[in-house]
Amino acid sequence: MTEINLSLGSSSFNSPAPALQAAIDALQNNKTFYGPAEGTATLRQSIVDRYTQEGISIKPEQVLVTPGTKQALFNLLSILLQPGDEIIVPTPAWFGFHELIKYSPGKLVTLPTTASDNYSINEADLRKAITPKTRLILLTNPANPTGGLFSRTEIEAILRVLEEHPNVYFICDEIYDLYTYDSTFTSALACTGPQERVIVVNGFSKTFAMSGWRVGYIIAPEDVISKATAFQSGTYSGVSVFIQDAAEAAMRHRAEGLQMMLATLESRRQLTQEKLQAIPNIAFKLPEGAYYFFPDLSYYIGSTTTSGTTINSTADLCTYLQNEYKLVVANGDNFGGKGHVRISFAVEETELVEAMHRLKNALSKLTVREV
Ligand code: PMP
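Residues numbered from 1 in each chain as written. Predicted model: local features only at pLDDT ≥ 70, side-chain atom pairs only at ≥ 80, totals over all residues. Heavy atoms only, no water.

### Regarding the site of the ligand
Condition: We define proximity as follows: a residue is near a molecule or strand when any one of its heavy atoms falls within 4 Å of that partner. We call two N or O atoms a polar contact when they sit within 3.5 Å, provided that within protein one can donate a hydrogen and the other can accept it, with sequence-adjacent residues counted only if both atoms are side-chain atoms. Accessible surface area values rest on a Shrake-Rupley calculation with a 1.4 Å probe, where residue burial reflects the displayed protein chains alone. For each structure, a 1 Å grid was placed over the protein atoms alone; sets of points admitting a 1.4 Å probe that cannot get out are labelled cavities, open sets with protein on both sides within 12 Å along at least five of seven lines are labelled pockets, and lining residues have an atom within 4 Å of a point. Each molecule is checked against the cavity or pocket grid, and it sits inside if more than half of its atoms lie within 2 Å of the grid points. Throughout, the ten residues Ala, Val, Leu, Ile, Met, Phe, Trp, Tyr, Cys and Pro are labelled nonpolar, Asp, Glu, Lys and Arg are labelled charged, and all others, Gly among them, are labelled polar.
Taken together, Gly68, Thr69, Lys70, Trp94, Thr140, Asn144, Asp173, Ile175, Tyr176, Ser205, Lys206 and Arg214 form the complete shell of residues around the ligand. Within the side chain of Asp173, an N or O atom sits 2.5 Å from a nitrogen atom of the ligand. Interatomic distance of 2.7 Å between a side-chain N/O atom of Lys206 and a nitrogen atom of the ligand. When the free accessible area of the ligand is taken as 400 Å², the share hidden by the protein chains comes to 92%. At a threshold of 2 Å from the grid points, most atoms of the ligand map onto the largest pocket. Broken down by class, the residue content of the shell around the ligand amounts to three nonpolar, five polar and four charged.

### Concerning the pairing of strand β5 (residues 134–140)
Defined as follows: Only protein chains enter the calculation, and the probe is 1.4 Å; a residue is then buried if its accessible area is under 20% of its type maximum, exposed if over 50%, and partly exposed in between. Where helices and strands are cited, they refer to DSSP runs of H or I of at least four residues and of E of at least two residues respectively, numbered from the N terminus. Two strands qualify as a pair provided that DSSP identifies no fewer than 2 bridges between them. Classification remark: right-handed applies to a crossover when, strands pointing away from the viewer, the course from the first strand over the helix to the second runs clockwise.
Burial runs high along β5: six of the seven residues are buried. Of the pairings in the sheet, the one linking strand β3 (residues 86–91) to β5 comprises three bridges and is parallel in character. By the bridge assignment, Ile87 is partnered in β5 with Leu136. Both β5 and strand β6 (residues 169–173) contribute to a ladder of five bridges, which runs parallel. In the sheet register, Leu139 faces β6, and the bridge partner there is Cys172. Between β5 and its parallel partner β6, the chain crosses via helix α6 (residues 152–163), and the hand of that crossover is right-handed.

### A look at the pattern of salt bridges
Here is the rule we go by: Salt bridges are counted wherever a side-chain nitrogen of Lys or Arg sits within 4 Å of a carboxyl oxygen of Asp or Glu.
Overall, the coordinates contain 17 salt bridges when judged by the stated rule. Across the pair Lys31 and Asp245 runs a salt bridge whose closest N-O atoms are separated by 2.8 Å. Here the residue Lys31 occupies a position in the loop between α1 (17–28) and α2 (41–53), and Asp245 occupies one in helix α8 (residues 241–252), the gap between them amounting to 214 residues. Exposure remark for Lys31: the relative accessible area of 36% places this residue in the partly exposed category. Looking at Asp245, the relative accessible area reads 11%, which means it is buried.

### Comments concerning the side chain of Glu248
Quick note on the threshold: Residue contacts follow a heavy-atom distance rule, with two residues in contact if any of their heavy atoms lie within 4.5 Å.
Within the fold, Glu248 resides in helix α8. For Glu248, the residues in contact, after removing those within four places along its chain, are Thr42, Leu43 and Ser46.

### What about the sheet that holds strand β11 (residues 330–331)?
Spatial ordering of the open sheet is given by β9-β12-β11, a layout of three strands whose pairing is antiparallel. One side of each edge strand has no neighbouring strand; the edge strands of this open sheet are β9 (292–293) and β11. Pairing of β11 with strand β12 (residues 341–344), which is carried by two bridges, proceeds in the antiparallel orientation. Bridging across to β12, Asn331 finds its partner in Val341.

### Some thoughts on the nonpolar core
The criterion, for reference: Working definition of a nonpolar core: buried Ala, Val, Leu, Ile, Met, Phe, Trp, Tyr and Cys residues. They are joined through side-chain atoms within 4.5 Å.
Judged by nonpolar contacts, the single largest core of 90 residues is most densely connected at Phe170 and Phe204. When sequence neighbours within four positions are dropped, the list of residues in contact with Phe170 reads Ile137, Leu139, Ile155, Ile158, Leu159, Leu162, Ala188, Arg197, Val198 and Ile199. Grouped together as the second largest cluster of nonpolar side chains are 30 residues, Ala93, Trp94, Ile171 and Phe294 included.

### A word on unusual backbone geometry
In the segment running from Thr91 into Pro92, the intervening peptide bond is cis, with an omega of 0°. Within the fold, Pro92 resides in the loop between β3 and α4 (95–102). The linkage connecting Asn141 with the following residue, Pro142, adopts the cis geometry, with an omega of -10°. Structurally, Pro142 can be placed in the loop between β5 and α6. The phi dihedral of Ala209 falls on the positive side, at around 50°, and the residue is not glycine. For Ala209, the location among the structural elements is in the loop between β7 (198–203) and β8 (216–219).

### Structural notes on the layout of surface pockets
Regions of empty space are outlined by a rolling probe, equal in size to a water molecule, passed over the atoms. Rules: Grid points are joined across faces, edges and corners, and a volume is the space filled by probe spheres set on the points.
Its volume calculated, the largest pocket comes out at about 390 Å³. When contributions to the lining of the largest pocket are tallied by element, the ones reaching two or more residues are α3 (69–80) and α4. By residue class, the composition of the lining of the largest pocket is seven nonpolar, eight polar and five charged. Tyr119, Ala143, Thr146, Gly148 and Phe150 are, among the 22 residues lining the second largest pocket, the residues nearest its centre. At the level of elements, β3 and β5 are the ones that each hand at least two residues to the lining of the second largest pocket. Of the residues assigned to the lining of the second largest pocket, the class counts are eleven nonpolar, eight polar and three charged.

By themselves, these are just geometric observations and shouldn't be taken as functional.
Below you can see the structure in the form of C-alpha cells.
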C-alpha cells in the first residue's frame, strides 16, 4: 500500500507554462544578479494591474514582493510588533500563524469561532479580545483550514472595530483568494474602513501552483511598505529576479490556468463531499474557498482499534490512519480545531477516491464506546 498524503498545503497542479518559460528566458538573459529590494517594477505593476482590474486602486509604492507569503507575514510581525504586543487570531487558523508568532516579539491571542456559527467572528467577542496591548488582528480569507469565506459584511464589521482602535492593524492573508466556489470573494482592500491600517498578504504558492518558487507580496499603506522594504533589504535582500519574471508571467496569464484549476477543484470538492457524507458520525462544512475539508472526527476519540489500542486524541487518530492505512491527514488540534482533521482535495482524483475509501474503512473498524 503506498502512502497517500492529504495533509499538504500545495496542489497537484503544475506551475503555469508561461511562468516556466519566463524563468528560462530570464536565466538565459543573465538575470542572475541582485534586483531591487522592493521587487521588480514590472512584477509590482502586474500586481497593481490585477487589483485595478478588480476595482481596487493601489500604487506600486504600496507593493512589496517577498520570498513567499510566510516571509511577508514574518516581515510584518517583525516591523510592527514590540515585545509583548498581542495579535488576535480567530481560530481555527492556519498553524503557520502560530509558528510565525512564536518567532516574533508578539503574543498570540486566540479568538475561538465555531462550526455551528459557520466560523463567523462575533463583533462583540472581538471587541472584548482587544486590550491596550493589541497591535494586530490576523486572519486568512478564504480560510485555511475551514474553507470558510468571510463576506464583505463580516470584514467590514472587523474594520468597524478597527476604527475604534487607532493602534491596531488588520492583516488579511488572501493567499487562496482566486479559489472560491459558490460565493464571490471580497478583498479587505475593497472594504469600507480605516484602509490606512489594512494590510493584505498574498502569494503565488496556492492559486498559481508555484509553492516551490517562494514568492509572495504585501499590499499596505506606503509607510508600512517602506519599513517592510528596509527590513527586507537588511535581511533577505529580495526575491531572485528570474523568479519575479516567472511570477509576473503567471500573473499576466492567470486567466488561462485558473479556469481549468477551478473546474478540477470543484469536481474534487464534490467528490470529497459525497465520500465524506457516506461516512457515519462525522460532521463537516462544505468549503466555500481554498482546497480543504475540515471534518470533525471527535466521535471517534475514545474508541479502540481492532488490536485493542485506545485512540485518546486527534494525534492518536492521525497516527492510526497513517500507520495502519497509510493515509496522512493534518491534525486539526494544531489549527485550534480539536478532534478535527484537515484534508486537502487538491490531489489527483484516483488518490482522493482511494484516500476516502481508506478513511471510511479505518473509521468503520474502530469500536466506539457508546455513552
Ligand atoms: N498563508 C496561508 C494561509 C497558507 O495556507 C500558506 C501555506 N500553507 C501560507 C500563507 C504560506 O505561503 P507561502 O508558500 O507563499 O509562503
